Amino acid sequence: MTEPTTKQCSICGETKSLDDFNRDAQKKDGRSSWCKPCTRDKEAAYKAAKAALAQSSAVAPETPTEAVLVPEKPKAKRTRKPRVRKTK
Ligand SMILES: [Zn+2]
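A. Seen up close, the overall build of the chain. Summing up its helical and strand segments, the chain has two helices and four strands in all. In the chain, the succession of α and β elements from N to C terminus is β-β-β-β-α-α. Expressed as a percentage of the 88 residues in the chain, the buried residues total 6%. A fraction of 17% describes how many contacts in the chain between residues 6 or more apart in sequence connect residues 24 or more apart.

Shown next as structure tokens:
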């Protein structure tokens, strides 16, 4: 019996050479079930998700928004109602 030299990736489903799979001592065949490109994609997606999560949690709810920081331009001058002073 000869050792298999190819393996099917569980992500993309492609059958590739064992060289395209990272070594994984925990797997019975000694190779990861994901091919190298898929592993890269997974790691990139994981890192991106983690970075996005860190960024969203870094924004404290108390942080003033831009709308608060930029004062609104005063609109047309309001004509103040003259105070009616009762002089008595
Ligand atoms: Zn793959």
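The discussion continues.
B. Representation of the confidence of the model for the chain within the structure. Per-chain confidence: the chain averages 85 in pLDDT, with 81% of residues scoring 70 or above. Helix α2 (residues 66-69) is the least confidently modelled element of the chain, averaging 59 in pLDDT, while strand β2 (residues 15-17) averages 97, the highest of any element.

C. Layout of the environment of Cys38. Mapped onto the elements of the fold, Cys38 is located in helix α1 (residues 36-58). Along the chain, Cys38 and Asp20 lie 18 residues apart, while their C-alpha atoms are 10.0 Å from each other. Discounting residues that sit within four places of it in the chain, Cys38 has contacts with Cys9, Ile11 and Cys12.

D. Fine view of α1. Taking 1.5 Å as the rise per residue, α1 with 23 residues should run 33 Å; its terminal C-alpha atoms sit 32 Å apart, in good agreement. In terms of residue burial, α1 counts as a barely covered element, since only one of its 23 residues are buried.

Definitions and cut-offs
Residues numbered from 1 in each chain as written. Predicted model: local features only at pLDDT ≥ 70, side-chain atom pairs only at ≥ 80, totals over all residues. Helix = DSSP H or I, 4+ residues; strand = E, 2+ residues; numbered from the N terminus. Buried ≥ 20, exposed ≤ 12 C-beta atoms within 10 Å, placed from the backbone. Contact = placed C-beta atoms within 7 Å. pLDDT = per-residue confidence, 0-100. Expected span 1.5 Å × (residues − 1).

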